[in-house]
Amino acid sequence: MDKEQIEHRTSVCLRCGKTFVGVPAVSREDNETPICPDCGVREALDSIKVSKEEQDEILRIINRYMNGE
């Protein structure tokens, strides 16, 4: 699979069930399960004890930036 195919591939996150397009993150729990980028960020933030509320705000900012708003 070439880079363009990977970037446009639609997948379902095995952690939250959300459909996403693009390159998956890898879960920190087992180092092999593909998850959506948002869950990847949440797992990273969980590892440094960031609260759920703060995670929501960080993801809101990331997604706003990534969607060109």
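Residues numbered from 1 in each chain as written. Predicted model: local features only at pLDDT ≥ 70, side-chain atom pairs only at ≥ 80, totals over all residues. Heavy atoms only, no water.

Peer 1: Which residues make up the environment of Gly17, and what are the values?
Peer 2: Tracing the backbone shows Gly17 in the loop between strand E1 (10-12) and strand E2 (19-21). Taking relative accessible area as the criterion, Gly17 reaches 45% and is therefore assigned partly exposed. Residues Gly17 and Ile35, 18 residues apart in the sequence, show an inter-C-alpha distance of 9.0 Å. (Helix = DSSP H or I, 4+ residues; strand = E, 2+ residues; numbered from the N terminus. Buried < 20%, exposed > 50% of the residue type's maximum accessible area, 1.4 Å probe, protein only.)

Peer 1: Requested: an account of unusual backbone geometry, with residues and values cited.
Peer 2: Residues other than glycine seldom take positive phi values, yet Asn31 does so here, at roughly 60 degrees. When you line up the elements, Asn31 lands in the loop between strand E3 (25-26) and strand E4 (34-35). On the basis of relative accessibility, which here comes to 63%, the residue Asn31 falls in the exposed class. The phi dihedral of Lys49 falls on the positive side, at around 65 degrees, and the residue is not glycine. The exposure class assigned to Lys49 is exposed, which follows from its relative accessible area of 74%.

Peer 1: An account of the pattern of salt bridges is needed here, citing residue identities and associated values.
Peer 2: Per the counting criterion, the structure on display carries six salt bridges. As a salt-bridge pair, Glu43 and Arg15 come within 3.5 Å of each other at their nearest N and O atoms. Pair noted here: Glu43 is in helix H2 (residues 37-47) and Arg15 is in the loop between E1 and E2, with a separation of 28 residues, a long-range link. As a salt-bridge pair, Asp46 and Arg15 come within 3.9 Å of each other at their nearest N and O atoms. Here Asp46 is found in helix H2, whereas its partner Arg15 is found in the loop between E1 and E2, with 31 residues between them in sequence. In this structure Arg15 comes out as partly exposed when scored by relative accessible area, which is 38%. Overlapping salt bridges, with partners in common, bring together Arg15, Glu43 and Asp46 in one network. (Salt bridge = Lys/Arg side-chain N within 4 Å of Asp/Glu carboxyl O.)

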